[in-house]
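# Coordinate inspection notes
For reference, the chains in residue letters:
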Amino acid sequence: MGTGVLASEQTGCAKGHPQDTEGTEGMQVTDCESPEDSRPQNEPGYCDPEDSGQLMASYEGKAKGYQVPPFGWRICLAHEFAEKRKPFHANNISLSNLIKHLGMGMRYLQWWYQKTQVEKKTPFIDFMNCVPLRQIYGCPLGGIGGGTITRGWRGQFCRWQLNPGMYQHRTVIADQFTVCLRREGQTVYQQVLSVERPRVLRSWNWGLCGYFAFYHALYPRAWTVYQLPGQNVTLTCRQITPILPHDYQDSSLPVGVFVWDVENEGDEALDVSIMFSMRNGLGGGDDAPGGLWNEPFCLEQDGETTQGLLLHHPTLPNPYTMAVAARLTADTTVTHITAFDPDSTGQQVWQDLLQDGQLDSPAGPSTPTQKGVGIAGAVCVAGKLSPRGRCRLEFSLAWDMPRIMFGAKGQDYYRRYTRFFGPDGDAAPALSHYALCRYADWEERISAWQSPILDDRSLPAWYKSALFNELYFLADGGTVWLEVPEDSLPEELAGSMCQLRPILQEYGRFGYLEGQEYRMYNTYDVHFYASFALIMLWPKLELSLQYDMGLPSICVSAPPALATLGEDLTRRRYLMSGVMAPVKKRNVIPHDIGDPDDEPWLRVNAYLIHDTADWKDLNLKFVLQIYRDYYLTGDQGFLRDMWPVCLAVMESEMKFDKDQDGLIENGGYADQTYDGWVTTGPSAYCGGLWLAAVAVMVQMAALCGAQDVQDRFSSILSRGQEAYERLLWNGRYYNYDCSSQPQSRSIMSDQCAGQWFLRACGLGEGDTEVFPTRHIVRALQTIFELNVQAFAGGAMGAVNGMQPHGVPDRTSVQSDEVWVGVVYGLAATMIQEGLTWEGFRTAEGCYRTVWERLGLAFQTPEAYCQQQVFRSLAYMRPLSIWAMQLALQQQQHKKASRPTAKQGTGLSTGPTCGPKEAMANLSLE
């Protein structure tokens, strides 16, 4: 390569490029608290060192890295996943199910053609172009709502969400870290820290040996450890993002920090340099018009100096500036190269670094690019490394896209972070400086949050990894966090909704996608599961979201978006039924708040497969979440604001109780979150949600002093309980539904969802018992026996539907799937009912399948089948794992103090433990 460094001897990988190796067996990093752990196998924290995955089997290095924690997801950079699954497609559907959905398929193809070929838009669900399997993703960079950039576990920058809600899955080759080592004034080692061997920048020394490096993720931090062959040097790159519970400022910042700790295990002094190179843009169509330019900057403030490059990307409609920066200290030197061609051989940059471990640092901005010409830049930090010593080099990556437009380009919005850093698009230097000065404080706060869980030896190690790493989706779910200007909220709202204005003005508007492939904001039937993470960690964002769903949402300089109390009578054809019906009916919770490629909040219900006005679960899930959110926050003003909305949606729901027996009936189609699984008549899932919601209405009526409403719902509940038990309980579990079809006796893994939420609200036992406890426990035991243990050897979680004789229910396209988020909710229910070991065992199957077997880290799908396929990568619902944590915390609270419920003539008139005060040790506030 003409570099003057014998790279082939120094970095050659004896076993070849890791992408050419086969999957390997064994595991060197135990998934247990200690190898000597001798707890009995029926305790939740027990784990077998021989059954802890294969991800580190290829690692041949000795280095452990600098302060890498023992818990998290760890993988050798040479690892190859043996199993290569494909996205769910039409050819994976059985002939009988294909016939059932033939009409829907034809209508979808017509709609898809109109959308993509005529309107030139992206479908909200693109069944024709599913995101392919890429087993590469790691922790995303960036706080909540400002956009995200995912850095893969092999070091590549590979998934981008800068335009709100819209993803680009592209590895940008120029975005790299490179190390240069010098002894006695001579460069002895220079290597791109990447296992890639690309066709561009070929003068650079690629092909790092992955057998001597590993990645460790514990979101919002990640560590990559590189043992440099023959150099007696270990690099540890620590990646930090400000995801800070109960913090509504720094958690919104579009920044990430890379801290490099370099350890010299030899007896000679060294000069070490790390170069961070980055392309301006992604090299695709957004860059083609040209006009991109870079410039150096230096910001001195409060005794700290930050130097780096600004990469200006003025492409409309959402221009932004990226900042690659480093912290200048008394022990380091920061240099840069303003511009180079990322599509060339890269020889000039390589030789510049090779010559003296620094870059030339030209002054002034670069010339704006011509059409079709790429531009990149680089920042280098150099320091001295004494024998047996350690030095630290610090970088930041920040992006400033303050004002955004969604796909319809009808509204301007300002991101949350502009409240603190201004809306003018010149904040990238200040963001960089702030991140480099504050990251140590962020890490202290992250450790204070995570340590009580990580240090709890009763919890299995896989759970500690899953609990924190699944949180990636709160930031990387196409998430937006927007400012709501004061003049956009009409004064009349203050009279009826006392907290609407204060909440939205102080905490902004929050939205996250159902999934990176299912592009709808705040899909409410799924948020029902995922919401535990939000209410436990950022409760004000949960309340803001609830105001948006429950009331007309006001957008800047535009008519109200139509949420629960509003309607949109525009008629459209629904794809499953072919029926023409309105977009949104009054007094019904919307399915979603809109598509980011359209105009969310202004146009709700992007979902058009079913007319969700007749879904049975949306209204019920709203009522249950409102009470749970009140219970966990103690916010009485919120409850008072939402009480009229709860009354309205429950009144709307009454029409589904056609025989007035106190129990609603499903309509003979897939009218709930399982939108491919037909339900007829009274059903375990929707019937259970209904009874739970009615029970919650009794509680809320008492709190709001509405005795007549309390009496009415108490009567409905009494009749509904009798009907539910009579029609659905069979002695072992609740039947799927009351149809005459074979699936009516299927064992649904999610049949206890109503009880799950009641328990989360401090209800569901004693005076507030709705479902007989012995029935709930027996049903959960049956689910564990058949849906878990009898499915895939008990190693893949709980299948959605199982026939009584132990064969998965294949009567629908969803009944034989495993839904990860449902499994986590099921596990939480088991823990609530004292089946703690069964709960952990059930959830463990999902974690090991997704994170260790299928290679779907940081893209947990909605669903997978026992063989061959997965569906909908990077999905919202698995955030429900935080319901497991709530259940554990509530268990601990019960042990610490066992309040005595007041005796009454039915349901108690208030939360059985008192909301916020009695649950203070849950650390929700």
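Anything mentioned here points back to the structure above.
Keep in mind that what you see is a predicted model, and the values were worked out from it rather than measured. (Residues numbered from 1 in each chain as written. Predicted model: local features only at pLDDT ≥ 70, side-chain atom pairs only at ≥ 80, totals over all residues. Heavy atoms only, no water.)

## Regarding unusual backbone geometry
Applicable threshold: Secondary structure follows DSSP: runs of H or I at least 4 residues long count as helices, runs of E at least 2 residues long count as strands, and numbering of each begins at the N terminus. Relative accessibility thresholds used throughout: buried, under 20% of the residue-type maximum; exposed, over 50%; partly exposed, between the two (1.4 Å probe, protein chains only).
Between Tyr219 and Pro220 the backbone carries a cis peptide bond, its omega angle lying at 15°. Its location among the elements puts Pro220 in the loop between strand 9 (213–218) and strand 10 (221–228). The step from Leu316 to Pro317 runs through a cis peptide bond, and the omega angle for that step is 5°. The topology assignment puts Pro317 in the loop between strand 15 (304–313) and strand 16 (320–328). The phi dihedral of Asn232 falls on the positive side, at around 55°, and the residue is not glycine. Relative to the assigned elements, Asn232 resides in the loop between strand 10 and strand 11 (233–240). Taking the relative accessible area as the measure of exposure, Asn232 reaches 46% and is therefore partly exposed. One non-glycine residue with positive phi stands out, namely Asn605, at about 60°.

## Description of the pairing of strand 14 (residues 293–301)
The test is simple: Pairing between two strands requires that DSSP report at least two bridges joining them.
As paired strands, strand 14 and strand 15 are joined by nine bridges and run antiparallel to one another. Looking across to strand 15, one finds that Glu295 is bridged to Leu310.

## So, the environment of Gln231
Structurally, Gln231 can be placed in the loop between strand 10 and strand 11. Once the C-alpha coordinates of Gln231 and Val188 are considered, the two residues, 43 residues apart in sequence, prove to be 8.9 Å apart.

## Quick notes on the pairing of strand 19 (residues 390–400)
Where burial is concerned, most of strand 19 is hidden: nine out of the 11 residues are buried. The sheet contact formed by strand 12 (residues 255–264) and strand 19 spans nine bridges and is antiparallel. The residue bridging Phe258 from the neighbouring strand is Phe395, located in strand 19. Two elements, strand 16 and strand 19, share six bridges in a ladder whose sense is antiparallel. Note on strand 19: the bridge partner recorded for Ala323 is Ala398.

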